[in-house]
Structure formats: structure tokens, C-alpha cells
Amino acid sequence: MAKTQLGARVDEDVAELAKKRAADLGLSIGDYLGRLVRDDTSGLRARAVDAAARFLAEHQAVFDEAEQAQQTPRGARAA
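Residues numbered from 1 in each chain as written. Predicted model: local features only at pLDDT ≥ 70, side-chain atom pairs only at ≥ 80, totals over all residues. Heavy atoms only, no water.

Trainee: Kindly report on the confidence of the model for the protein chain, identifying the contributing residues and their values.
Mentor: Confidence along the protein chain averages 89 in pLDDT terms, with 92% of residues attaining 70 or more. The least confident element of the protein chain is helix α3 (residues 44-71), whose mean pLDDT is 90; the most confident is helix α1 (residues 12-25), at 97. (pLDDT = per-residue confidence, 0-100. Helix = DSSP H or I, 4+ residues; strand = E, 2+ residues; numbered from the N terminus.)

Quick look at the structure:
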């Protein structure tokens, strides 16, 4: 597939995050941005967010109980 060059201005911190993430994935910046655009336009990202929201809605009580257990001082439940 032929490639074309795009130009975009982003904040320095966004540019650094993109460079680091692309390197972590073993991708060039262009390939990383291409992946993000494809995921976004294919609906993949939206489906993943929806799935995560459903999971949290179904299992929120488990997370709440675990968080409460971590916040309860030792011995407080023995009374």
C-alpha cells in the first residue's frame, strides 16, 4: 500500500507519549498512529470500552468489597 505523509502539531508531552508507546510496541510513529486510526474507525476501541463498562457493571460489587477490605483497619472486623 502506498504511504502518504501527514503533518500535525501536538503538545510536546503528547509527542513524547506517542514516541514511547510506539517504541514499546516496536512500531514507527506512523505505523502506531495508523493503528490508532484504524482501531478508532473500525469501532474496535468503542467495542472494547463498552465491554469494559459491562464487565465493571456486572462485577462492581467485588471491586467495592476488595477496596473496603483494604481500607478496614486490622481488628476492626473482630468486634
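Read on, since the account is not over.
Trainee: For the pattern of salt bridges, give the residues involved together with the corresponding values.
Mentor: Tallied over the entire structure, the rule returns three salt bridges. Residue Lys-3 pairs with Asp-31 through a salt bridge whose shortest N-O separation is 3.0 Å. Here the residue Lys-3 occupies a position in the segment before α1, and Asp-31 occupies one in helix α2 (residues 29-42), the gap between them amounting to 28 residues. For Lys-3, a relative accessible area of 71% gives the class exposed. (Salt bridge = Lys/Arg side-chain N within 4 Å of Asp/Glu carboxyl O. Buried < 20%, exposed > 50% of the residue type's maximum accessible area, 1.4 Å probe, protein only.)

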